[in-house]
Amino acid sequence: MQRGSDRMSVHRDDEMKHELQGLLRSGHPTRSEEWNDPEPAAEDDPEVTYGPVTPGRGPTYLEALRLELARNLTRGSFPAGPRELTRTLRRGNAPDALVEGLDRLPNKARYDNVQELAVALTDNGRSGPPGPQGA
């Protein structure tokens, strides 16, 4: 039942629903609504150091490994040796490839944070995945 105190008429409601239909169905802005599009970066904007991964700048192996370790380990996990970190990763159901990498580390080593662990796992921070043993 209409009370007559609505700010919009029934016809205006239907018109507004029709205008938003493309946006609601597609999940992204449509061409007719450029005002709603995010503003692109300007040419003279400085690149953010260690910012988000963009199509032109992919993560190095060290960055990707550090991110994966950070997802599976907390600050409370450190300082620790490879055995303790292996147990923590297994309890957290971390990927097997991540856990297996810790087996190559010396048992007496201690790591204070994810960065130190990632550098050790990438053989002193080189940019590619570790090669086979003895190569």
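Residues numbered from 1 in each chain as written. Predicted model: local features only at pLDDT ≥ 70, side-chain atom pairs only at ≥ 80, totals over all residues. Heavy atoms only, no water.

Some points on the pattern of salt bridges
Phase 1 of the analysis: Scanning the entire structure with this criterion turns up 3 salt bridges.
Phase 2 of the analysis: In this structure, Arg12 and Glu15 form a salt bridge, with 2.9 Å as the shortest nitrogen-oxygen distance. Taken together, the residues Arg12 and Glu15, both in helix 1 (residues 10-26) and 3 residues apart, mark about one turn of the helix.
Phase 3 of the analysis: Under the relative-accessibility criterion, Arg12 is labelled partly exposed at 31%. (Salt bridge = Lys/Arg side-chain N within 4 Å of Asp/Glu carboxyl O. Helix = DSSP H or I, 4+ residues; strand = E, 2+ residues; numbered from the N terminus. Buried < 20%, exposed > 50% of the residue type's maximum accessible area, 1.4 Å probe, protein only.)

Re helix 2 (residues 61-72)
Phase 1 of the analysis: Taking 1.5 Å as the rise per residue, helix 2 with 12 residues should run 16 Å; its terminal C-alpha atoms sit 17 Å apart, in good agreement.
Phase 2 of the analysis: Taken residue by residue, helix 2 has Leu62, Glu63, Leu65 and Leu69 as its buried positions. Down the axis, helix 2 shows its buried residues gathered within 165° of arc, on one side only.
Phase 3 of the analysis: Elements that come into contact with the buried residues of helix 2 comprise helix 4 (96-102) and helix 5 (114-121). (Expected span 1.5 Å × (residues − 1). Arc of directions from axis to C-beta. Contact = heavy atoms within 4.5 Å.)

Brief notes about the packing of helix 2 against helix 5
Phase 1 of the analysis: Two elements in contact, helix 2 and helix 5, have axes separated by 9 Å at closest approach and are oriented at 130°. Relative to helix 5, the element helix 2 is oriented oblique. In this structure, helix 2 crosses over helix 5, and the sense of that crossing is right-handed. Across the interface between the two elements, Leu62, Leu65, Arg66, Leu69 and Ala70 from helix 2 touch Val114, Gln115, Leu117, Ala118, Val119 and Leu121 from helix 5.
Phase 2 of the analysis: Among the residues forming the contact of helix 2 with helix 5, the class breakdown is 9 nonpolar, 1 polar and 1 charged. (Axes fitted to C-alpha atoms, helices over the stretch in contact; angles between N-to-C directions. Parallel < 35°, antiparallel > 145°, perpendicular 65-115°, else oblique. Left-handed = near helix turned anticlockwise from the far one by under 90°. Nonpolar A, V, L, I, M, F, W, Y, C, P; charged D, E, K, R; others polar.)

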